[in-house]
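Okay, here's what each chain looks like letter by letter:
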Amino acid sequence: MAKTKLILFHSGHENDLIMEEAFTILFREKGIEIVALNGASAESASNLLEVVQDSPEDFIAVVGLGAYIFKFFDGEAPAIHRTLNIPLVIFIMDHPGYSMIEMPEGIEDALYITGCEDHEAYWRKHRPLDKNVITVKNIAWANTAESLSPDLESFLKRDPIIFAPVNLSMAGLSTENWWAYVEQQHEPVLSVIKDSFALVVQNFNMCVDDAIDEILFDKSIELELLQRVEASRCVDGLTKMWRRNFVIGSLIDLPIVVSTDYVPEQFLGKYADKFIQTSGYMTVELMSKVQFLINIPPPRPKMVHDRIGKCIDAGAVLLTEPTSGIQEILKEDRDYIGYTYNADSLRETVTHALNNPADAYEMTISAKKQWDEKVGDGSAIKVLLEAIAEMPKAS
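Residues numbered from 1 in each chain as written. Predicted model: local features only at pLDDT ≥ 70, side-chain atom pairs only at ≥ 80, totals over all residues. Heavy atoms only, no water.

K.L.:
Quick question: what am I supposed to make of a nonpolar patch on the surface here?
P.N.:
A grouping of Ile 101, Leu 225 and Leu 226 is seen on the molecular surface, where their side chains present a nonpolar patch of about 260 Å² in accessible area. With respect to the element layout, Leu 225 can be found in helix 10 (residues 225-251). (Patch = residues over 30% accessible without salt bridge, like charges linked within 9 Å, V, L, I, M, F, W, Y side chains within 5 Å. Areas by Shrake-Rupley, 256 points an atom, 1.4 Å probe, with all protein chains shown as cover. Salt bridge = Lys/Arg side-chain N within 4 Å of Asp/Glu carboxyl O. Helix = DSSP H or I, 4+ residues; strand = E, 2+ residues; numbered from the N terminus.)

K.L.:
Would you mind going over the packing of aromatic side chains with me for this structure?
P.N.:
Describing an aromatic ring pair means giving the distance of the ring centres and the angle of the ring planes. A full pass over the atoms with the stated rule returns 13 aromatic pairs. When the ring of Trp 242 is compared with that of Tyr 341, the centres are 6.0 Å apart and the planes differ by 45 degrees; the resulting orientation is tilted. Of this pair, Trp 242 sits in helix 10 while Tyr 341 sits in the loop between strand 12 (337-338) and helix 14 (343-355), and the two are 99 residues apart along the sequence. Through pairs of rings, three or more aromatic residues link up here, namely Phe 204, Trp 242, Phe 246, Tyr 339 and Tyr 341. (Phe/Tyr/Trp six-rings, centres within 6.5 Å; stacked < 30°, edge-to-face > 60°.)

K.L.:
Is there a simple way to explain the environment of Ser 11 in this structure?
P.N.:
Considering the arrangement of structural elements, one finds Ser 11 in the loop between strand 1 (5-9) and helix 1 (14-28). With relative accessibility at 16%, the residue Ser 11 sits in the buried group. (Buried < 20%, exposed > 50% of the residue type's maximum accessible area, 1.4 Å probe, protein only.)

K.L.:
Could you clarify how one ought to interpret unusual backbone geometry in this entry?
P.N.:
Generally, phi is negative for residues other than glycine and the peptide bonds are trans, each holding for most cases. Geometrically, the link from Glu 187 to Pro 188 is a cis peptide bond, its omega value of 5 degrees lying close to zero. The phi dihedral of Asn 85 is positive, around 60 degrees, even though this residue is not glycine. Locating Asn 85 in the fold gives a position in the loop between helix 3 (80-84) and strand 4 (88-92). The phi angle at Asp 333 is positive, at roughly 70 degrees, despite the residue not being glycine. Mapped onto the secondary structure, Asp 333 falls in the loop between helix 13 (324-327) and strand 12. Classification of Asp 333 as exposed rests on a relative accessible area of 59%.

K.L.:
Explain empty space enclosed by the protein to me, please; I cannot follow it from the model alone.
P.N.:
A probe matching the size of a water molecule, rolled over the atoms, marks out where space remains unfilled. Under the criterion given, the structure shown has two cavities of 30 Å³ or more. Here the largest cavity is characterised by a volume of approximately 40 Å³. What lines the largest cavity is Ile 312, Ala 316, Val 317, Leu 318, Asp 335, Met 363, Thr 364 and Ala 367. For the lining of the largest cavity, the elements supplying multiple residues, two or more each, are strand 11 (317-320) and helix 15 (357-374). Of the residues forming the lining of the largest cavity, the biggest block, three residues, is contributed by helix 15. Among the residues forming the lining of the largest cavity, the class breakdown is six nonpolar, one polar and one charged. Per-element tally for the lining of the second largest cavity: the top contributor is helix 15, with three residues. (1 Å grid on protein atoms, 1.4 Å probe; cavity = no way out; pocket = protein on both sides within 12 Å on 5 of 7 lines; lining within 4 Å. Points joined across faces, edges and corners; volume = space filled by probe spheres on them. Nonpolar A, V, L, I, M, F, W, Y, C, P; charged D, E, K, R; others polar.)

K.L.:
Looking at this structure, how should I read the nonpolar core?
P.N.:
The tendency in soluble globular proteins is for nonpolar side chains to be buried as a group. Of all hydrophobic cores here, the largest spans 30 residues; its most connected members are Ile 248 and Phe 292. Those elements giving two or more residues to this core turn out to be strand 7 (159-164), helix 10, strand 8 (256-259), strand 10 (290-295), strand 11, helix 14 and helix 15. The element that contributes the greatest number of residues to this core is helix 14, accounting for four residues. Each residue touching Ile 248, except ones within four places of it in the same chain, is listed here: Ala 164, Val 166, Leu 168, Ile 256, Val 258, Phe 267, Phe 275 and Ile 296. Among the nonpolar cores identified, the runner-up in size contains 26 residues, and Phe 9, Leu 84, Ile 90 and Val 133 belong to it. (Core = buried A, V, L, I, M, F, W, Y, C linked by side-chain atoms within 4.5 Å. Contact = heavy atoms within 4.5 Å.)

K.L.:
Help me out: how do you make sense of the packing of helix 7 (residues 175-183) against helix 8 (residues 189-202) in this one?
P.N.:
For any two helices packed against each other, the geometry is given by the interaxial angle and the distance between the axes. The interhelical angle for the contact between helix 7 and helix 8, taken along N-to-C directions, is 140 degrees, at an axis separation of 9 Å. With respect to helix 8, the element helix 7 is oriented oblique. For the pair helix 7 and helix 8, the contacting residues are Trp 179, Val 182 and Glu 183 in the first and Leu 190, Ile 193, Lys 194 and Phe 197 in the second. (Axes fitted to C-alpha atoms, helices over the stretch in contact; angles between N-to-C directions. Parallel < 35°, antiparallel > 145°, perpendicular 65-115°, else oblique.)

K.L.:
I would appreciate a short explanation of the pairing of strand 7 in the present structure.
P.N.:
Relative to strand 10, strand 7 is paired through three bridges, and the arrangement is parallel. Within strand 10, the residue paired with Asp 159 across the bridge is Val 290. By the bridge criterion, three bridges tie strand 7 to strand 8 in an arrangement that is parallel. Across the sheet, Ala 164 pairs through a bridge with Val 258, a residue of strand 8. (Pairing = 2+ DSSP bridges.)

K.L.:
Any chance you could explain the pattern of salt bridges here in plain terms?
P.N.:
Under the defined criterion, the tally for this structure stands at 17 salt bridges. Salt-bridge contacts for Arg 300 lead to Asp 209; the nearest nitrogen and oxygen are separated by 2.9 Å. Here the residue Arg 300 occupies a position in the loop between strand 10 and helix 12 (306-314), and Asp 209 occupies one in helix 9 (residues 208-218), the gap between them amounting to 91 residues. Neither residue differs from the other here; Arg 300 and Asp 209 are each classed as buried. Across the pair Lys 289 and Glu 285 runs a salt bridge, and its minimum N-O distance is 3.3 Å. The exposure class of Lys 289 is partly exposed, given its relative accessible area of 41%. Here the salt bridges share partners, and the residues they tie into one network are Asp 209, Asp 213, Arg 228, Asp 236, Lys 240 and Arg 300.

K.L.:
Just to check I follow, could you spell out the environment of Val 304 for this structure?
P.N.:
Mapped onto the fold, Val 304 is located in the loop between strand 10 and helix 12. We classify Val 304 as buried; its relative accessible area is 8%. Considering only alpha carbons, one finds Val 304 and Val 136, 168 residues apart in sequence, at a separation of 10.0 Å.

K.L.:
Please clarify how helix 10 should be interpreted in this entry.
P.N.:
Residues that lie three or four places apart on an α-helix share one face, since the helix turns once every 3.6 residues. The end-to-end C-alpha distance of helix 10 is 39 Å, a good match for the 39 Å that 27 residues give at a rise of 1.5 Å each. Within helix 10, 20 of the 27 residues are buried, which leaves it mostly tucked inside the rest of the structure. (Expected span 1.5 Å × (residues − 1).)

See the structure below:
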């Protein structure tokens, strides 16, 4: 009998619910039903068997979105994938160091899938004996709706503004709070964080972990795994906050709308009407109503954020730093408008685009073609199914 069901674990947060919807749509085309369990529907490992007891032979694999799945492996019940004798696959949604720390014993047989070659490299460096980690380009599937691809007339009727879906806080911390948090770190971690942050700011196409490794090597410093992960987290947070505040601050006098949960004090008052709060679904909907979307990449140059795919599917013109990962898929000045972290150059580039929307429109057509050819909405699903087919059954 063919296996026709897949168990999907996730936290229940909105972005995970969007990915659950994408899973459901894309796997349905393969004749596979998603049985989703999240923080609201399953409290512990002890009740998982109730979900599968009616037809345990129907399940093809257990899949988790992020380290959240580890809460279901608490030692109080057999690992569900072993009970069903099927593969366990975990998508790494954050820095892999967190997964390494939270990983319980007894699930070393899992396959880990990242959406970033930088993350895969980190994993292989710090767990060199593991062979079960692979990368896909489109881990957080783009819009599950049909691509809009507006014609020129429809495009020109859109709001002639820049939409910036970038939160100006991270993990509940503003830029100022991130620095306060960093100052609480002890040496040598504190010096490593500050020196690595300075190195990443000077070299925009450098990965956070490469910068940290360079500082550790130059200064002959060794960090324990927990310290190493904390250094990555802090440098990542500081760099993201610096980049986002720089870009938004440089463009704030232009027609721009910023979706963020937190508005820095310097933008209140005069610019307050430029800031809104949107949920995941609302964010995707707004992308289809504007002419331009600006992407501020994380300091992991090989990562292609799912925001890129959503922008392309929504038919908006993409403005982004030309990272190495993006350049593997899209070509600057043909598929998107590139910018640098120079305030005058950034404003000039964006102003020119706003003043010439018909010229910029052509990029949406080319970008869609390139994205479909090189990534496609189902690339992660294809990789996942192929990997499951090749994995040995749980022992």
